[in-house]
Amino acid sequence: MLRVGEEEGFIVDRPAMMREAQKLFTEVDDLPTIPTIVINVTSLLDNVDSDPDQIADMILSDQVLAARVIKVINSPLCRTTNKIPSVKQALLFIGFKKIREMILTSYFVGGFSQKKQSFDIQRFWIHSFSVGAISRRIAHLVGYPDLEKAYLAGILHDIGKVFLGHYCHEEYGRMLAGITNSSVTTHEAECRTFGTTHCEIGLCLAQRWNFPPVYGEVISFHHKVEMATEDVFLTSIVAIADFYCLSHYTAHPVAQASVPGVSEEYSWHTLVENAPDLKSSGLEHFLSDLDEEYEAICIEVAVLFSSIVND
Ligand SMILES: [Fe+2]
Ligand SMILES: [Fe+2]
């Protein structure tokens, strides 16, 4: 057996956990899909040389997509002073990357929101959006070059929980109830209950949906950053954002330790390596500085969430 890491009381056998995740996947035949139009539009948006007219036409050919773009763009989240009436204006005003991020997030939320869950899905998304927003903020502070990527990776980091909460509804619900008010983390409890976790399940989803590998890596290793190889910097940013949000009770039901573990310590060292100025502040101080913006971020998250789910 390949031992890749150890946690209190059990051995983490990553290949075995991946096999368990894939086994759960093969038992499912109604996985939400991302519409082809969304894949096509986002790949056009990835290319900075794309013609805004062509993208706007493509978005307009799908009524639901066009309505979502206009709605999010005119929500308080975007802080536009004047109403933006057209998709093309939105593209030029907000930028391709931001539109890509909005389209993708609205489809992830929409794709799973109709399904029954063993936990409060609204709180789940509020946690996810908060991690996204805090990841973007940290990325800015530490000089990570792609803020939108940090935001999207933050939103997606726990996507595997939505799969477990739906397809393993009763067992996952029992597991969560069993760890409420205990010091056992969701990640540890999943490993004991399913032989795999939301990280491996999330990776399977990311691969099924053809996400760029970097998102799969963040999803896979945000609780084991020391195992990341593709983009350790980004994975560290999301891990620290997750730690911050968990200690601010944005996830439910959780019973998370409020002291940084091996993964968070590793992440912090990675941030310091990339932004040496942080060294003098220390993790605790760095996180407490985020508090100033946390309330504003919570309001933004609530606005974005309601503009997506109330379609
Ligand atoms: Fe997680
Ligand atoms: Fe999380």
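Residues numbered from 1 in each chain as written. Chains lettered and ligands numbered in written order. Predicted model: local features only at pLDDT ≥ 70, side-chain atom pairs only at ≥ 80, totals over all residues. Heavy atoms only, no water.

### Quick word on the coordination of the iron ion (ligand 1)
- For the iron ion (ligand 1), the full set of protein donor atoms is Asp158 (OD), His198 (NE2), His222 (NE2) and His223 (NE2), and the range of their distances to it is 2.1 to 2.2 Å.
- For the pair the iron ion (ligand 1) and the iron ion (ligand 2), the metal-to-metal distance amounts to 3.9 Å, and Asp158 bridges them. One end of the pair, His198, is in helix α12 (residues 198-208); the other, His223, is in the loop between α13 (213-221) and α14 (232-246), with 25 residues separating them in the sequence.
- The exposure class assigned to His198 is buried, which follows from its relative accessible area of 1%. (Donors = N, O, S within 2.8 Å, 3.2 Å for Na, K, Ca; no water. Helix = DSSP H or I, 4+ residues; strand = E, 2+ residues; numbered from the N terminus. Buried < 20%, exposed > 50% of the residue type's maximum accessible area, 1.4 Å probe, protein only.)

### Some words on the coordination of the iron ion (ligand 2)
- Taken together, the protein donors to the iron ion (ligand 2) comprise His127 (NE2), His157 (NE2), Asp158 (OD) and Asp242 (OD), at separations of 2.2 to 2.3 Å.
- Every donor counted, the four donor atoms about the iron ion (ligand 2) form angles of 81 to 175 degrees at the centre, which fits irregular coordination.
- Take His157: its relative accessible area is 0%, and that puts it in the buried class. (Tetrahedral: all angles 85-135°; square planar, octahedral: opposite > 155°, others 65-115°.)

### Section: the packing of helix α7 (residues 121-142) against helix α8 (residues 147-156)
- Relative to each other, α7 and α8 sit at 155 degrees, their axes nearing to 7 Å. It follows from the interaxial angle that α7 and α8 lie roughly antiparallel. Between α7 and α8 lies a crossing whose hand is right-handed. Counting all contacts with α7, which are made through Trp125, Ser128, Phe129, Val131, Gly132, Ala133, Ser135, Arg136, Ala139 and His140, the residues of α8 involved are Leu147, Glu148, Ala150, Tyr151, Gly154 and Ile155.
- For the contact of α7 with α8, the class distribution of residues is nine nonpolar, five polar and two charged. (Axes fitted to C-alpha atoms, helices over the stretch in contact; angles between N-to-C directions. Parallel < 35°, antiparallel > 145°, perpendicular 65-115°, else oblique. Left-handed = near helix turned anticlockwise from the far one by under 90°. Contact = heavy atoms within 4.5 Å. Nonpolar A, V, L, I, M, F, W, Y, C, P; charged D, E, K, R; others polar.)

### Digging into α7
- If you check α7, its first and last C-alpha atoms are 31 Å apart, about what 22 residues at 1.5 Å a residue would give, namely 32 Å.
- Looking at the residues trailing α7, positive phi occurs at Gly143, about 80 degrees. (Expected span 1.5 Å × (residues − 1).)

### What about the packing of aromatic side chains?
- Going through the model one piece at a time under the given rule, you end up with twelve aromatic pairs.
- A centroid spacing of 6.1 Å and a plane angle of 65 degrees characterise the contact between Phe119 and Tyr172, whose relative ring orientation is edge-to-face. Separated by 53 residues along the polypeptide, Phe119 in the loop between α6 (96-113) and α7 and Tyr172 in helix α10 (residues 169-179) bring together distant segments of the chain.
- Overall, the relative accessible area of 11% leaves Phe119 in the buried class.
- Judged by centre distance (6.5 Å) and plane angle (80 degrees), the rings of Phe211 and Tyr215 are edge-to-face.
- Overall, Tyr215 belongs to the buried group, its relative accessible area being 7%. (Phe/Tyr/Trp six-rings, centres within 6.5 Å; stacked < 30°, edge-to-face > 60°.)

### Digging into the confidence of the model for the protein chain
- On average, residues of the protein chain score 83 in pLDDT, and 86% of them reach the 70 mark or higher.
- Overall, residues 1-9 carries pLDDT values under 50, and its contacts beyond four positions in sequence, including any with other chains, amount to 20 contacts.
- Across residues 250-255, confidence stays below pLDDT 50; counting only partners more than four residues off in sequence or on other chains, it has 23 contacts. (pLDDT = per-residue confidence, 0-100.)

### Points about the nonpolar core
- In this structure, Ile59, Ile103, Ile138 and Leu271 are the most contacted members of the largest nonpolar core, which totals 94 residues.
- Element by element, the count of residues in this core is highest for α7, at ten residues.
- Looking at which domains feed residues into this core, each of domain 1 (33-114) and domain 2 (115-311) supplies at least three.
- Aside from chain neighbours lying at most four places away, what touches Ile138 is Ile237, Ile240, Ala241, Leu271, Phe286 and Leu290. (Core = buried A, V, L, I, M, F, W, Y, C linked by side-chain atoms within 4.5 Å. Domains from an automatic or database assignment.)

### Some words on unusual backbone geometry
- A positive phi angle, close to 60 degrees, is found at Asn181, a residue other than glycine.
- Looking at Asn181, the relative accessible area reads 77%, which means it is exposed.

### Section: α12
- With nine of eleven residues buried, α12 is to be regarded as a mostly interior element.
- Every buried residue of α12 is listed here: His198, Cys199, Glu200, Ile201, Gly202, Leu203, Cys204, Leu205 and Ala206.
- In this fold, the buried residues of α12 make contact with α1 (14-26), α9 (159-167), α11 (186-194) and α13.
- Remark: Asn210 follows α12 within two positions and exhibits a positive phi of approximately 55 degrees.

### Quick word on the environment of Gly132
- Looking at the element boundaries, Gly132 is found in helix α7.
- When the C-alpha positions of Gly132 and Lys149 are compared, they lie 9.3 Å apart, and in sequence the two are 17 residues distant.
- Beyond its immediate chain neighbours, meaning those up to four positions away, Gly132 contacts Ala150, Tyr151, Gly154 and Ile155.

### Quick notes on the state of the cysteines
- Overall, the coordinates contain zero disulfides when judged by the stated rule.
- In this structure Cys199 is a free cysteine whose sulfur lies 9.6 Å from that of Cys191, the closest cysteine sulfur available.
- What makes Cys199 buried here is its relative accessible area of 1%. (Disulfide = S-S within 2.5 Å.)

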